[in-house]
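Structural overview
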Amino acid sequence: MQANDRNLLCDERSPSVTRIFTGLALLSLLLLLGNMTYGLLFGDFNAAAAKLREADQRLTDARLRSRDPNAAESVEAKLEFERVRQATRPVLLHAEYHKLLGLATAIVSVLVNSIAVTYFIGTGRWCQEVVDTYRLAPDFIQRSKRLKRKTFPWSLTGMLTILAISGLGAASDPLNSLPNASEWVSYHLIAAIGGVMLIGFAYLQQYLSIQANLNLIGEILASVDHVRADRHLDDQAVAHAP
């Protein structure tokens, strides 16, 4: 094994992957908690949207009845609509911010779970190649596969959970075309509260599997060192060095 190969193995064992995963997982959970709190603190989005829709409907009805935009009824309805729009604008603006923050939160959550999936795919292949090259115990490969099979369901659970929260959020959006959007608010809130706990637990399981995989890689590297020492491969590499 050349020096650059050895460096690659050391990189695989490096704890940097746990720091990256932990940092991003904590960021994801903070975004989830922050956006949930933001949605609860800044007013009743659906009530504000309902008032705006009612004012708009009254304006439309007035214009249809009078057929004259300058008629007193139409002018009064228009003034009422503008008043309601100005009154509800801050709340509806917060609703837009809540949706944008939710989108960013969903992207980060999917990214964190994808990192775990990619990590186990990469290290699983590395484990297979090293064990085959140095004829190490096949149990290393089996342990690597077990860790991968154990972790993937949790990664998928995290992804599906954030998608469910986002989907219910879209259904409860006060400005969507669903006539019963307000009825989805409670489901969205329950999914958000339960989803934060479930995603946090999924992150914990993935972290523990990554840590166990790092320990497994350490054992593989120790076995590689023994094989190389027994075969004097390092001495041969030094002797053939330019």
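A brief structural summary. (Residues numbered from 1 in each chain as written. Predicted model: local features only at pLDDT ≥ 70, side-chain atom pairs only at ≥ 80, totals over all residues. Heavy atoms only, no water.)

What to know about the overall build of the protein chain
Along the protein chain, the regular secondary structure elements total seven helices and zero strands. Each helix (α) and strand (β) of the protein chain, taken in turn from the N terminus, gives the series α-α-α-α-α-α-α. Within the protein chain, the proportion of its 242 residues that are buried is 36%. Carbon and sulfur atoms make up 63% of the accessible area of the protein chain, which amounts to about 14,100 Å² in all. (Helix = DSSP H or I, 4+ residues; strand = E, 2+ residues; numbered from the N terminus. Buried < 20%, exposed > 50% of the residue type's maximum accessible area, 1.4 Å probe, protein only. Areas by Shrake-Rupley, 256 points an atom, 1.4 Å probe, with all protein chains shown as cover.)

Focus on the layout of surface pockets
Computed from the structure, the largest pocket encloses a volume of approximately 670 Å³. Elements with a contribution of two residues or more to the lining of the largest pocket: helix H2 (16-41), helix H3 (45-66), helix H4 (72-134), helix H5 (139-171) and helix H6 (185-231). Top contributing element to the lining of the largest pocket by residue count: H4, with seven residues. Looking at the lining of the largest pocket residue by residue, the classes come out as 15 nonpolar, 11 polar and three charged. (1 Å grid on protein atoms, 1.4 Å probe; cavity = no way out; pocket = protein on both sides within 12 Å on 5 of 7 lines; lining within 4 Å. Points joined across faces, edges and corners; volume = space filled by probe spheres on them. Nonpolar A, V, L, I, M, F, W, Y, C, P; charged D, E, K, R; others polar.)

Overview of the packing of aromatic side chains
What the rule picks out here adds up to five aromatic pairs. Summarising the aromatic geometry, the rings of Phe21 and Tyr203 are spaced 6.2 Å apart at their centres and angled 90 degrees between planes, so their arrangement reads as edge-to-face. You can see Phe21 sitting in helix H2 and its partner Tyr203 sitting in helix H6, a full 182 residues away along the chain. The pair Phe21 / Tyr203 is uniform in exposure class, with both members buried. Relative to Phe42, the ring of Tyr38 has its centre 4.5 Å away and its plane inclined at 40 degrees; by these criteria the two rings are tilted. (Phe/Tyr/Trp six-rings, centres within 6.5 Å; stacked < 30°, edge-to-face > 60°.)

Structural notes on the pattern of salt bridges
If you walk through the whole model with that rule in mind, you get seven salt bridges. Of the charged contacts in the structure, one is a salt bridge between Arg83 and Glu80, with a shortest N-O distance of 2.7 Å. Pair noted here: Arg83 and Glu80 are both in helix H4, with a separation of three residues, about one helical turn. A salt bridge links Lys99 to Asp173, with the shortest nitrogen-to-oxygen separation between them at 3.1 Å. One end of the pair, Lys99, is in helix H4; the other, Asp173, is in the loop between H5 and H6, with 74 residues separating them in the sequence. A residue is classified by how much of its surface remains accessible, and Asp173, at 12% relative accessible area, is buried. What emerges from the salt-bridge pattern is a single network uniting Arg58, Glu80 and Arg83. (Salt bridge = Lys/Arg side-chain N within 4 Å of Asp/Glu carboxyl O.)

Some remarks on the nonpolar core
Across soluble globular proteins, nonpolar side chains show a tendency to be buried alongside one another. Leu136 and Ile220 are the most contacted members of the largest nonpolar core, which has 32 residues in total. Taken together, the elements giving at least two residues each to this core come down to H2, H4, H5 and H6. Not counting the four nearest positions on each side in its chain, Leu136 is found in contact with Val130, Val131, Ile220, Ser223, Val224 and Val227. Ranked by size, the runner-up nonpolar core spans 10 residues in total, among them Ala49, Leu52, Ala77 and Leu92. (Core = buried A, V, L, I, M, F, W, Y, C linked by side-chain atoms within 4.5 Å. Contact = heavy atoms within 4.5 Å.)

Digging into the side chain of Gln205
By secondary structure assignment, the location of Gln205 is in helix H6. Those residues in contact with Gln205, other than ones at most four positions away along the chain, are Lys150 and Trp154.

Here's the deal with the packing of H2 against H6
Axis separation between H2 and H6 bottoms out at 10 Å; the angle between their running directions is 175 degrees. Considered as vectors, H2 and H6 are oriented roughly antiparallel to each other. The residues of H6 that touch H2, namely those facing Val17, Thr18, Phe21, Thr22, Ala25, Ser28, Leu29, Leu32, Leu33, Met36 and Leu40, are Leu189, Ala192, Ile193, Val196, Ile199, Gly200, Tyr203, Gln206, Tyr207, Ile210, Gln211 and Leu214. Here the contact of H2 with H6 is composed, by residue class, of 17 nonpolar, six polar and no charged. (Axes fitted to C-alpha atoms, helices over the stretch in contact; angles between N-to-C directions. Parallel < 35°, antiparallel > 145°, perpendicular 65-115°, else oblique.)

Digging into the environment of Ala192
By secondary structure assignment, the location of Ala192 is in helix H6. Residue class for Ala192 comes out buried when judged on its relative accessible area of 10%. Through-space distance from the C-alpha of Ala192 to that of Asn35 is 9.6 Å; in sequence the pair is 157 residues apart. When near neighbours in sequence (up to four residues on either side) are disregarded, Ala192 contacts Met36 and Ile165.

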